[in-house]
Amino acid sequence: MEESRNLLLTTNLSVTEVVYEVGFKFPQSFHKLFQKKVNISPLSFRNQFK
């Protein structure tokens with residue numbers, strides 16, 4: 001999760017590109033895990049903290 005949070009905040013990669021960059025094959029799985037661990041969706045995380 002740390003790497004994905006870093007990529008969301010420091011790159012212009014789309015959320016889907018971040019998903020594949022950190023090794024997930026299915027964006028839905030990543031979104032569920034991210035939401036569970038960080039308590040916010042990946043896109044909301046990016047928009048809130050960038």
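About the criteria used
- Counting restarts for each chain, with residues numbered from 1 along the sequence as it is written.
- Totals for whole chains, interfaces and linings use all residues, but because this is a predicted model, local features are given only for residues with pLDDT of at least 70 and pairs of side-chain atoms are given and counted only at 80 or more.
- Remark: hydrogens and water are excluded; side-chain values derive from all non-hydrogen atoms of the structure.
- Where helices and strands are cited, they refer to DSSP runs of H or I of at least four residues and of E of at least two residues respectively, numbered from the N terminus.
- Throughout, exposure labels follow a simple rule: accessible area from a 1.4 Å probe, protein chains only, divided by the maximum for the residue type, with under 20% read as buried, over 50% as exposed, and the rest as partly exposed.
- Throughout, a contact is declared for two residues whenever any of their heavy atoms are within 4.5 Å.
- Think of it this way: a Phe, Tyr or Trp ring, Trp meaning its six-membered ring, pairs with another when their centres are within 6.5 Å, and the plane angle makes it stacked under 30 degrees, edge-to-face over 60, tilted otherwise.

A. Layout of the environment of Gln35. Among the secondary structure elements, Gln35 is positioned in helix α3 (residues 27–38). A residue is classified by how much of its surface remains accessible, and Gln35, at 40% relative accessible area, is partly exposed. Between the alpha carbons of Gln35 and Phe45 there is a distance of 9.5 Å; along the sequence they are 10 residues apart. Residue contacts for Gln35: discarding those within four places in its chain leaves Ile40 and Ser41.

B. The arrangement of the packing of aromatic side chains in detail. Scanning the entire structure with this criterion turns up four aromatic pairs. Note on Phe30 and Phe34: the rings are 5.6 Å apart at their centroids and 40 degrees apart in plane angle, and the pair reads as tilted. One end of the pair, Phe30, and the other, Phe34, are both in helix α3, four residues apart, so they sit about a helical turn from each other. Take Phe30: its relative accessible area is 0%, and that puts it in the buried class. Where Phe34 meets Phe45, the ring centres are 5.6 Å apart and the plane angle is 75 degrees; that geometry is what we call edge-to-face.

Interpretation in functional terms is not warranted from these geometric data alone.
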